[in-house]
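Take a look at the letters that make up each chain.
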Amino acid sequence: MSTAIRGIGELVTWDDDQPIRRDAGLVIDDGRVAWVGASADTPAADEVIEADGAAVIPGFVDSHTHLVFAGDRAEEFAARMAGRRYEAGGIRTTVAATRAASTEQLAAGAEARLAELRAQGTTTVEIKSGYGLDVATEARLLEVAAALTPETTYLGAHVVPSGVDPDAYIALVTGAMLEACAPHAKWIDVFCETGAFDADQARTVLRAGQAAGLLPRIHANQLGYGPGVQLACEVGAAAADHCTYLSDADVAALAETGVVAGLLPGVEFSTRHPYPDARRLLDAGVRVAIATDCNPGTSYTSSMSFCIALAVREMGLTPTEALHAATQGGAWSLQRTDVGHLRLGARADLVVLNAPSHLHLAYRPGVPLMRQVVRAAV
Ligand SMILES: [Zn+2]
């Protein structure tokens, strides 16, 4: 089965020679990008999509979400907007609701949110556990996540649950819980932050995960300066996510090691915190990703376009740099070479926009611009 898309006003491939083409065509064969060129030269195919001058972009790669949970925290958001500060402990509210939910309820909620992401152009998504914080519930969350994406992350070390000794909890996270969760996870993650886990605890968690065959990533430097980014570089993490408060040494270490800085501007929007300085990171040669961090507490958005608009308006990126971070950057973060771009051989995951140019993603914030989302079945 082959599909040709003709009349593409602007095609974003991120190809080295010509990252953005005008008046282009593209052919999909067997779920892969098989041909890219001038619209007039587009080869015949089984099916034809007429883009009529619309822009085509790679599908978004959302490299950081917490899609599996129960309940919501709308009241907490309203209270925060009325002046209350966010602290890491709000996670425990969602933990109580999640533990009480059946696996079927959790799956239905996650599927509904995934459909929401897909409709808004996200074709690859990472999903974390972290609202169970006991062996059985963490394993249930990861089973639900694994049915939806190969990019699953074990985040037993999200916070220490209420009434549990921190040392005993680390032993559980790196012992019985890891054993139950590792078969359903690709990644291991830890929330390294005041109020969650310190550097030594976080290192213990990530090293245990690596020993069990999981790949490390980390929540780091969200609420203040701290050791998380340096730890990410030390253990060879794929990504350090948040990166809101970075020292010069942190920025240098990210650039040196190639650890991806995952920026989550929906969080700063929803918590009224200062935004990370994406411009500073790009100028230093750091690889940058943008993700939603879709979660009920601090960023309940599933819209990558919204995050792109924030990155442009508040974080110093150009619209093109922001789109790159939301596609190729996300693929780097997940160590995927087959998504996040539309070079020959890529998965044919793409979006036809209701717009002549990708600039409209930031230029028209809050507007549904997804005319057609194409996602390879293979
Ligand atoms: Zn997160």
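Residues numbered from 1 in each chain as written. Predicted model: local features only at pLDDT ≥ 70, side-chain atom pairs only at ≥ 80, totals over all residues.

Overview of the overall build of the protein chain
We apply this condition: Counting from the N terminus, the helices are DSSP H or I runs at least four residues long and the strands are E runs at least two residues long. For the radius of gyration, the atoms used are the C-alpha atoms, and the globule rule reads 2.2 Å times the number of residues raised to 0.38. Any residue with 12 or fewer other C-beta atoms within 10 Å of its own C-beta is exposed, any with 20 or more is buried, and the rest are partly exposed; the C-beta atoms used are placed from the backbone. Once C-beta atoms have been placed from the backbone, residue pairs whose C-beta atoms lie within 7 Å are recorded as contacts.
Scanning the protein chain from N- to C-terminus turns up 15 helices and 16 strands. By the compact-globule yardstick of 21 Å for 378 residues, the protein chain fits well, its C-alpha radius of gyration being 20 Å. Expressed as a percentage of the 378 residues in the protein chain, the buried residues total 53%. Restricting to contacts in the protein chain with at least 6 residues of sequence separation, those with at least 24 account for 70%.

As for the packing of helix 7 (residues 199-211) against helix 8 (residues 228-235)
When two helices pack together, their arrangement is given by the angle between the helix axes and by the axis-to-axis distance. Definition in use: Helix axes are fitted to C-alpha atoms over the stretch in contact, other axes to C-alpha atoms as well, and angles between N-to-C directions run from 0 to 180 degrees. The cut-offs work like this: below 35 degrees is roughly parallel, past 145 is roughly antiparallel, 65 to 115 is roughly perpendicular, and the gaps in between are oblique. By the definition used in this description, the sense in which the near helix is turned from the far one sets the handedness, with an anticlockwise turn below a right angle giving left-handed and a clockwise turn giving right-handed. Lys, Arg, Asp and Glu make up the charged group, whereas Ala, Val, Leu, Ile, Met, Phe, Trp, Tyr, Cys and Pro make up the nonpolar group; the residues left over, Gly among them, are polar.
Interaxial distance between helix 7 and helix 8 falls to 10 Å at its minimum, and their mutual angle equals 30°. The orientation of helix 7 with respect to helix 8, classified from their angle, is roughly parallel. Helix 7 and helix 8 meet at a crossing whose hand is right-handed. On the side of helix 7, the interface is formed by A199, A202, R203, L206 and R207, while helix 8 contributes G228, L231 and V235. Of the residues that constitute the contact of helix 7 with helix 8, the class distribution is five nonpolar, one polar and two charged.

Things to note about the nonpolar core
The cut-off we apply is this: Working definition: the nonpolar core is a set of buried Ala, Val, Leu, Ile, Met, Phe, Trp, Tyr and Cys residues, joined through C-beta atoms within 7 Å. Domain boundaries shown here were taken from an automatic or database domain assignment.
One finds L26, V56, A240, I308 and A311 to be the most contacted residues of the largest nonpolar core, which totals 118 residues. With eight residues, helix 12 (residues 304-314) is the single largest residue contributor to this core. Both domains that meet at this core, namely domain 1 (2-58 + 341-374) and domain 2 (60-333), each give it at least three residues. Ignoring sequence-local partners within four residues, the contact set of V56 consists of I5, I8, L11, V12, L26, A51, L350, V351 and V352.

Topic: the environment of I20
Along the polypeptide, I20 turns up in strand 2 (residues 20-29). Assessed through the 17 C-beta atoms surrounding it within 10 Å, I20 is described here as partly exposed. C-alpha of I20 to C-alpha of L114: the two residues are 94 residues apart in sequence and 29 Å apart in space. If near-sequence neighbours (up to four positions away) are discounted, I20 is found in contact with E10 and V12.

Describing the pairing of strand 13 (residues 260-263)
To be explicit about the condition: Pairing between strands is defined by DSSP: at least two bridges between them are needed.
Here strand 13 shows a buried face lined by V260 and G262 and a second buried face lined by A261 and L263. Pairing of strand 12 (residues 239-242) with strand 13 involves three bridges; the strand directions are parallel. Bridged to A240 within strand 13 is A261.

What to know about the domain arrangement of the protein chain
Taken as a whole, the protein chain is organised into domain 1 (2-58 + 341-374) and domain 2 (60-333). Averaged C-alpha coordinates put domain 1 and domain 2 at centres separated by 30 Å. Only strand 5 (55-58), helix 15 (360-363) and strand 16 (370-374) provide two or more residues apiece to the side of domain 1 that touches domain 2. Of the residues in the side of domain 1 that touches domain 2, the class split is twelve nonpolar, three polar and one charged.

Observations concerning helix 3 (residues 103-119)
Where we set the bar: In a helix, the anticipated span is given by 1.5 Å times the number of residues less one. What the arc describes is the spread of directions from the helix axis to the C-beta atoms.
For helix 3, with 17 residues, the first-to-last C-alpha span of 24 Å sits near the 24 Å given by 1.5 Å per residue. Listed in full, the buried residues belonging to helix 3 are L106, G109, A110, R113, L114 and L117. Taken end-on, helix 3 shows its buried residues confined to a sector of 135°, consistent with a single buried face. Turned more than 90 degrees off the buried face of helix 3, the exposed positions are E104, A112 and A115. Among the structural elements, strand 6 (60-62), helix 2 (91-100), strand 7 (122-128) and helix 4 (135-146) are those in contact with the buried residues of helix 3. Looking one or two residues beyond helix 3, the residue adopting positive phi is G121, at roughly 100°.

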